[in-house]
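# An overview of the molecular structure
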Amino acid sequence: MAELHCLSYIIATAKSLPEWESFGRDIIGMIINDKNDNSISLKMDAEPWRIKIEIGDHEDMTHAGWKLSSEAELIEYINNLKAKGVEVTKESDETAKSRAVKTLYSIADPNGYRHEFYAERTNIDNSSPTHSTIIRGKGFKTEDLGLGHILPVAKNYQESLDFYKNTLGLRYSDRIIQEIAPGINADATFFHTKTGRHHSLATGQFPSPKVLNHLMIEFQDMDDVGVAYDRATKANVPIVLELGHHPNDKMFSFYMRTPSGFGIELGYGGLVIDEKNWAPQVYPVMSDWGHKRNMNMIEK
Ligand SMILES: [Fe+2]
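A brief structural summary.

Cut-offs used in this document
- Residues numbered from 1 in each chain as written.
- Predicted model: local features only at pLDDT ≥ 70, side-chain atom pairs only at ≥ 80, totals over all residues.
- Heavy atoms only, no water.
- Helix = DSSP H or I, 4+ residues; strand = E, 2+ residues; numbered from the N terminus.
- Rg over C-alpha atoms; globule rule 2.2 N^0.38 Å.
- Contact = heavy atoms within 4.5 Å.
- Areas by Shrake-Rupley, 256 points an atom, 1.4 Å probe, with all protein chains shown as cover.
- Lys, Arg positive; Asp, Glu negative; His and termini not counted.
- Charge placed at Lys NZ, Arg CZ, Asp CG, Glu CD.
- Axes fitted to C-alpha atoms, helices over the stretch in contact; angles between N-to-C directions.
- Parallel < 35°, antiparallel > 145°, perpendicular 65-115°, else oblique.
- Nonpolar A, V, L, I, M, F, W, Y, C, P; charged D, E, K, R; others polar.
- Pairing = 2+ DSSP bridges.
- Donors = N, O, S within 2.8 Å, 3.2 Å for Na, K, Ca; no water.

A few words now on the overall build of the protein. Tallying secondary structure elements over the protein gives five helices and 18 strands in all. Taken over the C-alpha trace, the protein has a radius of gyration of 18 Å; the compact-globule value for 300 residues is 19 Å, and the two agree within 12%. Over its C-alpha atoms, taken along the principal directions, the protein stretches across nearly 45 × 45 × 40 Å. Relative to all contacts within the protein whose residues are 6 or more apart in sequence, the contacts with residues 24 or more apart total 69%. Accessible surface for the protein amounts to roughly 13,400 Å². Of this, 50% is attributable to carbon and sulfur atoms. For the protein, the distance from the average site of its 33 positive side-chain charges to the average site of its 42 negative ones is 1 Å.

What follows is about the packing of helix α1 (residues 17-28) against helix α5 (residues 223-234). Where α1 contacts α5, the two axes come as close as 9 Å, and the packing angle between them is 130°. On the basis of the axis angle, α1 is oblique to α5. Counting all contacts with α1, which are made through Asp26, Ile27 and Ile28, the residues of α5 involved are Ala228, Arg231 and Ala232. Here the contact of α1 with α5 is composed, by residue class, of four nonpolar, no polar and two charged.

Pairing of strand β2 (residues 31-35) with strand β3 (residues 39-43) involves four bridges; the strand directions are antiparallel. Bridging from a neighbouring strand, Asp34 pairs with Ser41 of β3. Here β2 folds back onto β3, and the loop between the two strands holds three residues.

We now examine the coordination of the iron ion. All of the protein donors around the iron ion are His149 (NE2), His214 (NE2) and Glu265 (OE); their distances to the metal are 2.0 to 2.2 Å. Expressed as a motif, the donor residue spacing for the iron ion is H-x64-H-x50-E. Here His214 is found in strand β13 (residues 212-218), whereas its partner Glu265 is found in strand β16 (residues 263-268), with 51 residues between them in sequence.

Set out below in structure tokens:
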């Protein structure tokens, strides 16, 4: 049965590209691979880019790109979507080229962005630097685990869970239900792909001006979370959640606000699921230490 290999890239919109350029390069340590008047591409490994920012007033994620293991598996996956009654678009050669992929399909997400599917990326570059020299360690943790994870906010929680599990075919990882006030729960559900990053996508339902609550990217070395935190605070980048640790994916991380207004989590040490020994749990807290909310950041 064809299923998703990993989350490969996201595309988001922003009013200002120069802000994203310095944020991506000077705060996070990515390489600016391509920029023009309409977009900027951020590189994190041998792939041509993992994050593309396009000019737009509605600053949010517009596309999530997923990799399939082979062209044959891509075709099977697309046929399965069609058999489920999903409206699938085969994107033009021009759009495929803009994503640096051979063949590209897309479908609508119930929360207002699009999912894209491909099997083969072009312009893989194994000789150029994969990250800036401000990163102390070996760079970003990607490869088969993909870009990281996204947390799109659900308009309708049950409908979104059904879509991510039964339409996209993601594997259930676990769930967190935290009582944040008497009778009021924060509830999030986590999903992984076959390559095992604890989650490539999680969702929950709460008031939010953005579909994308946050994108997570991971460093190979723990110190890079700390020195990125120092760079961010020195540059007055708004910190959303201070350093802390999640009980389910074991991620050590902090969250800051991107120039588009959604969050980005920079992490280290995320769990990779060993499917044979995996027993999903429901956790009572989002974080087992830290991740204190910056009170200046509430609903800005
Ligand atoms: Fe996260």
